[in-house]
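Reading the structure
This is what each chain is made of:
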Amino acid sequence: MTHFAPRFRIVQALLYGFVGLWSAFVLMPVAWMIFAAFKTRREIFTDPLGLPGQWTFDSFRRAWGVGLGQFMFNSVVVTTSAVLIILLVSGLAAYVIARSRSVWMKLLYLLIVAGFAVPNNAVIVPLYQMVTAADFGNSHFGIVWVYAAYGIPFTTILFFAFFLDFPRELEEAARLDGCRPWAVFFRVVMPLSGPAIASAAIFQAVFIWNEFLLALLLLTQPDKKTLPVGILQLQGEFTSDWPAVMAGLSIATLPIILLFLILQRSFVRSLAGLGK
Amino acid sequence: MSHLKINRVEKNYGAFHAVKGVSLEVEEGEFVVMVGPSGCGKSTLLRCIAGLEPITSGTITVGDHDITRAEPWDRGVAMVFQNYALYPHMTVRDNMGFALKVAGRPKAEIRAAVDKAAQTLRITEHLDKKPKALSGGQKQRVAIGRAITRAPEVFLFDEPLSNLDAALRSQMRVELGRLHNQLGATMIYVTHDQTEAMTMASRIVVLNGGVIEQVGTPLELYNKPESLFVAGFLGSPRMNFFDGRVLESRGRELSVEIPGMPGPVVVPLDDDVPVPQPGAQVRMGVRPEAVTLGGALELSVALVESLGRETLLYLEGGGLRTVDSESAEGFVAVQLPSQHQLRVGEPVKVGWDPASLYLFDDSGRRLATPDPGVPGRVWAGGGWNRPQGRARRGPTRLWRARRPGAGAG
Ligand SMILES: Nc1ncnc2c1ncn2[C@@H]1O[C@H](COP(=O)(O)OP(=O)(O)OP(=O)(O)O)[C@@H](O)[C@H]1O
Ligand SMILES: [Mg+2]
C-alpha cells in the first residue's frame, strides 16, 4: 500500500469513491440478472427489485431443458474456431506488414484499417446473400468465416502496433540461430506476444460469443443455434418465463468470465501498456 | 588464405552511404577489433557480415563460400549483441541450445554442447534460470554461450561489454581473451573502449565515416598512425596537436614554426614521405606521455589530476595552444608516470625528445612518426628497439616504460 500525504489521501478517497460508484453502476444489471434468475415467475413481477424469497435452481433447470447445453456447445465451437482463425491470420498478416518495407504493404494496411471502419450492420444484407448463395447458411463452418472476417481487421491493427515495438534484436538473434521466417514467428515472436494474443482473444471471444444479429440470420435450424439466439427461442416458448431467460443469460455469461479470469493478467498488462 | 574476406562492400540507406567501399581480410583465428567514432558504420558493417542487412555492392566470403547473398542462417556466423538479446521465454539452457535445436540435432548432443559451453563460461549453476533472473555479466556470458554452442566460423561482437561496470568489464575482457585462445575462432569485435581495443586485438581496424582509415596491430596504429585521425583517435588522453608552418628543410629534418613556442621545432621526417615545401601548413603531435618535466618550454599548471599511479597535468602557456586535443581550452596534456605535488598556477618547465614527435600535412597525412622500425631512426640511447616498442625513451632522458593506450576507455 502506498503511503500518501494527507492532501493526497483526500484525492485517493475521492478516486476510490468514483471507482466504487462506477463499479456499482456497471454491476447493477448483472446482479439484477442473477437475482431474477432465482426468483419465481410471479415474484419477478411482484417484487422486481428485491432479493429472491427462496433460492431455487428451478429456472436454471427449465432453461437447461430447452437445450441450452446444445447452444452452449455450438457457441463454444463457433467462438473457438473463429478466434483461432482470427489470431492466426491477423498475427501473420500484421507481422508481415509490420516488417515489410514495401509501399504496397502499407497500402494493404490502410485497406485493412478501412475494413475495420465499415459498420457491421451496413453489410449484413449482401453478406447474407453471399453466404446463402455459397450454400453456407445454417452451418457453423459458414458463420465462423464471417466472424473471422469481422474480427481480422481490428486484431490485425492491434497486432501490428504490438509488432512494431517488438524488439528486433530477438528476431535477428533467432535468424542467426538458424530460424527461417516461419520459425522466427512461431518460436520467438508468438511465444512473446502473450499480452497481445490475450487481449485480442478476449475482445474477439466476447464479441462472437454475444453476437446476435448475424447468428439470427444465418443459423435458423434449432440444433445449429448459438447461445444468444437459443435464449431467444427460450423466450418464445415460455412467453412469461423471465426467470428462465435470466438463468440462461447467467449461464451464458459464465464461460466469458472464466476466459477473462484465465487471461486477465496478460490482458490487464497489455491494456496498461506494459505488455513488452 | 584468409578466412573472412570483405571486398569493396558498400551499404547505402537510401541516399545515405553508411559503408563506403570497405575491403578487409581476416585470417583464421584472428581477433580483429573495429573502432571508430559513433555513427561511422561499425555496427552496419557487422550486420552486413551477419546478413542482417543486405549490402548494396561488394562481396563477402567465408572460407571458400561466397555468402554475399546468403541468408543469415546459412552463413555460419554468430553475433553477440550489446543488449544480449536473450530469449526471455526460455531458460538459459534453452537459450544456449536453441540454434542446435532449430537445426534438429539430437537432444543428447545439444545437452553436451550446452554443458560444455556453460562450463567454459562458468554459468553451469544458472542453466535452469530465466534470463530475467541473471545479472548483466551473467546475461552477457549466456549470450556468448549461445554463440559458442553453434561452433560458428566467425564470431561477431557488437560492443558486448559496454553495458557492464568497469570491474566486470575488465574481468570479461580477460575471459574473452582466454576464450579466444581456447577456441581459436575468428572474431570480429566492435568497441568504443580503447583499452579493449589495445589489449584484445590481434589487429585493429579504424573506421571513420564509412571508410577504413587504417588497419594494423595495436602498436603499429599507436606508433605509426597513417593519418591525423588515427593519431588522435588512439591514446587517452588524446595526443597534443599544434598547428604550425614549415620554415625550412635540411635533409630529412624539418624545422617547424609553432606560434607560442620559443623557437623553431626540429622534426625528423619519415623516410617514405615527400618533403613539404617551406610555408606549408602542418600539424605537429606529441603524446601526453612523451612530454617530460625539465625542458625549455615554460608553461603554468591549469589543472592537476592525480590518479595515484600517474599524474595528469593540463598546462597553459601564453600563445601556445593545442588544437582538437583533450581539452577544449587548448591546454597541453601531460601524463607523468609518478606522483607530483603541483598547484594550479605554478610554473613548470617541460620538453620532449624530437624523436617522439608526430607530424601531419594539411590533409592529415603522416609526415613523421616515432616509429622504431624505420631505418635511420634508431636511437643510440636505446629504447626504440625494445621488444614491442614499449619504451618511448629519448637518448638523454630517464623515462619509465608505460603500456601505450592504457587509459580510461
Ligand atoms: N536502418 C537505418 N536506416 C538509415 N540509416 C541508418 C540505419 N542504420 C544505421 N544508419 C546510419 O548509418 C550510420 C552508421 O550507423 P552504425 O550503427 O553502423 O554506427 P556505429 O559505428 O555502430 O555507431 P555507434 O558506435 O554509435 O554504435 C549512422 O549514421 C546511422 O545513422
Ligand atoms: Mg553501433
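Quick caveat, the model's predicted, so the values are computed rather than measured.

Residues and elements named next belong to chain B. The step from serine 236 to proline 237 runs through a cis peptide bond, and the omega angle for that step is 0 degrees. Relative to the helices and strands, proline 237 resides in the loop between helix 8 (228-233) and strand 11 (240-250). If you check the backbone angles, tyrosine 84 has positive phi at about 70 degrees while not being a glycine. Note on tyrosine 84: relative accessible area 10%, which makes it buried. Here the phi dihedral of arginine 122 falls at roughly 55 degrees; this positive angle occurs in a residue that is not glycine. For arginine 122, the location among the structural elements is in the loop between helix 3 (107-121) and helix 4 (136-149). Assessed through its relative accessible area of 48%, arginine 122 is described here as partly exposed.

Taken together, the contact between chain A and chain B spans 17 residues of the former and 25 residues of the latter. For the chain A and chain B pair, buried surface summed over both sides reaches about 1900 Å², with 60% attributable to carbon and sulfur atoms. Together, Arg175(A), Leu176(A) and Asp177(A) form the three largest contributors to the area buried by chain A at its contact with chain B, with a combined 37%. Put simply, chain A and chain B have one salt bridge between them. Our enumeration of links across chain A and chain B arrives at seven residue pairs in polar contact (both at pLDDT 80 or more). Of all the secondary structure elements, the ones that give two or more residues to the side of chain A that touches chain B are helix 7 (168-176) and helix 8 (181-189) of chain A.

Okay, the UniProt feature "domain: ABC transporter" (unreviewed entry) in chain B next. Within this numbering scheme, the UniProt entry marks residues 4-234 of chain B as carrying the feature "domain: ABC transporter" (unreviewed entry). Counted over residues 4-234 of chain B, helix gives 37% and strand 26%. Its end C-alpha atoms are 25 Å apart.

So, on to the sheet that holds strand 18 (residues 347-352) of chain B. Residue and element names in this part refer to chain B. Judged by pairing direction, the sheet is antiparallel, and its four strands sit side by side in the order 17-16-15-18 without closing on themselves. Each edge of the open sheet is held by one strand with a lone partner, namely strand 17 (332-336) and strand 18. The sheet shows a mean angle of 50 degrees between the axes of neighbouring strands, direction not considered. Bridge analysis of strand 15 (residues 291-306) against strand 18 gives seven bridges, and the strand direction is antiparallel. Considered in strand 18, the bridge of leucine 293 is made with valine 350.

The rules behind these values
Along every chain, residues carry numbers that run from 1 in the direction the sequence is written. Key to labels: chains lettered from A, ligands numbered from 1, both in the order written. At least 70 in pLDDT is required for a residue's local features to be given in this predicted model, at least 80 for side-chain atom pairs to be given and counted, and no such filter applies to totals for whole chains, interfaces and linings, which use all residues. Calculated side-chain values reflect all of the structure's heavy atoms, with hydrogen atoms and water omitted. By the criteria applied, helices consist of DSSP H or I runs no shorter than four residues and strands consist of E runs no shorter than two, each listed in order from the N terminus. Only protein chains enter the accessibility calculation, which uses a 1.4 Å probe; a residue whose area is less than 20% of its type maximum is buried, one above 50% is exposed, and one in between is partly exposed. A contact between two residues is defined here by any heavy atoms of the two lying within 4.5 Å. Simply put, the buried area is the total loss of 1.4 Å probe accessible area from both parts when two parts are fitted together. Any carboxyl oxygen of Asp or Glu within 4 Å of a side-chain nitrogen of Lys or Arg constitutes a salt bridge here. Side-chain atoms alone can form a polar contact between residues adjacent in sequence; in general such a contact is a pair of N or O atoms within 3.5 Å, and within protein one must be able to donate a hydrogen while the other accepts it. UniProt positions are given in the numbering used here, feature names are shortened, and annotations may be inferred rather than shown by experiment. Strand pairing is assigned whenever DSSP identifies at least 2 bridges connecting the two strands. Helix axes use the C-alpha atoms of the stretch in contact, all axes being lines fitted to C-alpha atoms, and the angles between their N-to-C directions lie in the range 0 to 180 degrees.

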